[in-house]
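# Overview (structure and organization)
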4 protein chains.
Amino acid sequence: MPRPGFENEQQVLDYMRKIAIGQSGFSTFLGLEPVRCWEGHAEIEMAVKPEMTQHHGFAHGAIVGMMADNACAWAASSAVGDVVTGSYTINLLAPARGDVLRSKGTVVKAGRRQVVVRAEVWSEAAETDPVLVAIAQATIVPTGIPSAPMS
Amino acid sequence: MPRPGFENEQQVLDYMRKIAIGQSGFSTFLGLEPVRCWEGHAEIEMAVKPEMTQHHGFAHGAIVGMMADNACAWAASSAVGDVVTGSYTINLLAPARGDVLRSKGTVVKAGRRQVVVRAEVWSEAAETDPVLVAIAQATIVPTGIPSAPMS
Amino acid sequence: MPRPGFENEQQVLDYMRKIAIGQSGFSTFLGLEPVRCWEGHAEIEMAVKPEMTQHHGFAHGAIVGMMADNACAWAASSAVGDVVTGSYTINLLAPARGDVLRSKGTVVKAGRRQVVVRAEVWSEAAETDPVLVAIAQATIVPTGIPSAPMS
Amino acid sequence: MPRPGFENEQQVLDYMRKIAIGQSGFSTFLGLEPVRCWEGHAEIEMAVKPEMTQHHGFAHGAIVGMMADNACAWAASSAVGDVVTGSYTINLLAPARGDVLRSKGTVVKAGRRQVVVRAEVWSEAAETDPVLVAIAQATIVPTGIPSAPMS
């Protein structure tokens, strides 16, 4: 299920950088880096900056949630085109102490009215193993707009 | 169920501004303003800035999610003290087109191991009625630390 | 938002008893009694029987979940017609020790592709106050079939 | 993480049949068959009976939800002992048309206060491939009771 309107993954990643990230004030602030977005899978990487922390110095829960939600939305869009997030459930598992966050989304079922996606978010640091900091389960809604950017 | 360790709501709001917001890089970036935090209820207000938008110019879904999560965590902390978010489910209902976001959290049940909270997020603009943009249901976990700041 | 294809609530309740309950082996086994189903609100009542209990003698969590899900689906159907449940999140708050379960669902937003609903489930007994045993938040999906029974 | 108080999986399965299923009116009615329950994994099998169907003749959503919830609770109990379900989110993906339901739960993180679990539910029939009919993400709460039966 490659993304409608795109010939290959590189086109999708270029599009994401230019539109979904480049035209979003928040995503530009965050410095999101799309690593993968093709055939129901998405991966996003982001360096944690001081402006993203909660009061213990870890990445803020909303930042972790954003990584999960984005991975779900992009994974869904890779299968069905333009989407909006309908809902998601996130379980926060551990503090995000690392300096990089990485999230991966996988489409479980791409229906006409709903795309159900699971995601994981890892916190990474130079000299330790990645730590699974959150898992999510999302309902993503296709807009039916074939080539418009996803939110 | 007033917050353990605080005598009145003003003390709680001062504490939130100083610690939970003032020592959090992300909350300071956001400019969160606590309006209420007492006896199981919390209300937060925030002006939407360009750095918080998605590519259509609305407040980003992660920002809306943060408003919901924070209202849940603060409502829970007003009843049981220091907490961390365990999980939440958010349904996004409408684009957040306004220039102010407001969220309200209400404790449904404060247990020893879990506090269950509901929240609503509204988008507000000068000349229109507030729009309900999201609802959430959260499981907030007491840390057992009596007077430490909430995350 | 009265249910499409029905003139009044009594018609809806009759239809529910005959089709959604009467033609469902499980709902007949349960003995569900629809109390309300109109304009985005639904209420269901059910007597707890020994075949519905878990090993401590309380109503089984799946029975409580069914009450929540049904209230959500029926509330949604009262606004938009035939529906299926897309997803729901349920928080179980207390053991359902009573001999009657009652659930109420309220539509928060009825969209074209999704209806978002909240529900509460109470456990009732003769000489005590009702106990709130669960809350839920659901995404219900309209099937677009105008007059077919809901699942 | 083998279940506290049990020496091997067979002891756990025997215990489940005798207590969690045998003393539960609902689980006995359902005819639940535990297939696996050890070290963070659980699998349950159940034959679908006419009394478990909705009005289209498929397994009722509440039955599917029960299979998901039970797999989560049992997977959690295999790691931490006695538990109760705190909350779960379920996405229903397809009608359960088969005559057997099978659910599998896997612990993602076993914490002291919460165990986070994912589950899948399949519908099986003699001459077709299993169909994934639901996925769930649950927060299961350890009761701290070492050897008491789980709910």
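This structure is a prediction, so every number in the text was calculated from the model and none was measured. (Residues numbered from 1 in each chain as written. Chains lettered and ligands numbered in written order. Predicted model: local features only at pLDDT ≥ 70, side-chain atom pairs only at ≥ 80, totals over all residues.)

### Re the overall build of chain A
- Broken down by element type, chain A carries three helices and six strands.
- In chain A, the succession of helices and strands from N to C terminus is α-α-β-β-α-β-β-β-β.
- For a compact globule of 151 residues, the expected C-alpha radius of gyration is about 15 Å, and chain A comes in at 15 Å, within 12% of that figure.
- On the principal axes, the C-alpha backbone points of chain A span a range of 45 × 25 × 25 Å.
- Across the 151 residues of chain A, 58% fall into the buried class. (Helix = DSSP H or I, 4+ residues; strand = E, 2+ residues; numbered from the N terminus. Rg over C-alpha atoms; globule rule 2.2 N^0.38 Å. Buried ≥ 20, exposed ≤ 12 C-beta atoms within 10 Å, placed from the backbone.)

### Overview of the interface of chain A and chain B
- If you look at the interface, chain A gives 31 residues, while chain B gives 31 residues.
- Elements with a minimum of two residues in the side of chain A that touches chain B: helix 1 (9-21), helix 2 (25-30), helix 3 (61-80) and strand 3 (83-92) of chain A.
- Examining the composition of the side of chain A that touches chain B, we find that eight residues originate from one element, strand 3 of chain A, more than from any other.
- Within the side of chain A that touches chain B, the residues separate by chemical class into 13 nonpolar, 16 polar and two charged.
- When strand 3 of chain A meets strand 3 (residues 83-92) of chain B, the two strands line up antiparallel, connected through five bridges. Bridged to Ser-87 of chain A within strand 3 of chain B is Asn-91 of chain B. (Contact = placed C-beta atoms within 7 Å. Nonpolar A, V, L, I, M, F, W, Y, C, P; charged D, E, K, R; others polar. Pairing = 2+ DSSP bridges.)

### Looking at the relation of the copies chain A and chain B
- Of the transformation superimposing chain A on chain B, the axial component is 0.0 Å and the angular component is 180°, with the fit at an RMSD of 0.0 Å. Such a combination of rotation and displacement between the chain copies is what one expects of a two-fold axis. In terms of C-alpha distance to the rotation axis, chain A has Thr-89 of chain A as its closest residue, with the C-alpha 2.0 Å off the axis.
- Taken as a fraction of all interface residues of chain A, those also at the interface in chain B reach 100%, which identifies the copy contact as same-surface. (Least-squares fit on C-alpha atoms with pLDDT ≥ 70 in both.)

### What about the nonpolar core?
- In terms of nonpolar packing, the biggest core is built from 209 residues, with Cys-72 of chain A, Cys-72 of chain B, Cys-72 of chain C together with Cys-72 of chain D touching the most fellow members.
- Not counting chain neighbours up to four residues away, the residues in contact with Cys-72 of chain A comprise Tyr-88, Gly-105, Val-117, Ala-119, Ala-136, Ala-138 and Ile-140 of chain A. (Core = buried A, V, L, I, M, F, W, Y, C linked by C-beta atoms within 7 Å.)

### Points about the interface of chain C and chain D
- Listed as interface residues are 31 residues of chain C and, on the opposing side, 31 residues of chain D.
- When residues of the side of chain C that touches chain D are traced back to their parent elements, those giving at least two are helix 1 (9-21), helix 2 (25-30), helix 3 (61-80) and strand 3 (83-92) of chain C.
- The greatest single-element share of the side of chain C that touches chain D, amounting to eight residues, is contributed by strand 3 of chain C.

### Comments concerning unusual backbone geometry
Residues and elements named next belong to chain A.
- The backbone of Glu-39 shows a phi angle near 50°, a positive value even though the residue is not glycine.
- For Glu-39, the location among the structural elements is in the loop between strand 1 (33-38) and strand 2 (41-47).
- Taking the number of C-beta atoms within 10 Å as the measure of exposure, Glu-39 has 14 and is therefore partly exposed.

### Examining the sheet that holds strand 1 (residues 33-38) of chain D
- Taken in spatial order, the 12 strands of this open sheet run 1(C)-2(C)-4(C)-5(C)-6(C)-3(C)-3(D)-6(D)-5(D)-4(D)-2(D)-1(D), and their pairing is antiparallel. Only two strands of the sheet have a single neighbouring strand rather than two, namely strand 1 (33-38) of chain C together with strand 1 of chain D. Across the sheet, the mean angle separating the axes of adjacent strands is 20° when strand polarity is ignored. (Axes fitted to C-alpha atoms, helices over the stretch in contact; angles between N-to-C directions.)

### Observations regarding the pairing of strand 5 (residues 115-124) of chain A
Residues and elements named next belong to chain A.
- In terms of residue burial, strand 5 counts as a mostly covered element, since nine of its 10 residues are buried.
- Sheet topology note: the strand 4 (residues 100-110)/strand 5 ladder contains 10 bridges and is antiparallel. For Thr-106, the partnering residue across the bridge sits in strand 5 and is Arg-118.
- Counted between consecutive antiparallel strands, the loop separating strand 4 from strand 5 contains four residues.
- Where strand 5 and strand 6 (residues 131-142) come together, nine bridges link them in antiparallel fashion. When the bridges of strand 6 are listed, Arg-118 appears paired with Gln-137.
- What sits between the antiparallel neighbours strand 5 and strand 6 is a turn of six residues.

### Looking at the confidence of the model for chain A
- Model confidence for chain A is summarised by a mean pLDDT of 91, while 95% of its residues fall at 70 or above.
- Prediction confidence for the complex, expressed as pTM and ipTM, is 0.93 and 0.91 respectively. (pLDDT = per-residue confidence, 0-100.)

### Comments concerning the packing of helix 3 of chain C against helix 3 (residues 61-80) of chain D
- Viewed as axis vectors pointing N to C, helix 3 of chain C and helix 3 of chain D meet at an angle of 135°, and their least axial separation amounts to 9 Å. The pairing of helix 3 of chain C with helix 3 of chain D is recorded here as oblique in orientation. Every pair of crossing elements has a handedness; the one defined by helix 3 of chain C and helix 3 of chain D is right-handed. Here Gly-61, Ala-62, Gly-65, Met-66 and Asp-69 of chain C of helix 3 of chain C come into contact with helix 3 of chain D, specifically with Gly-61, Ala-62, Gly-65, Met-66 and Asp-69 of chain D. (Parallel < 35°, antiparallel > 145°, perpendicular 65-115°, else oblique. Left-handed = near helix turned anticlockwise from the far one by under 90°.)

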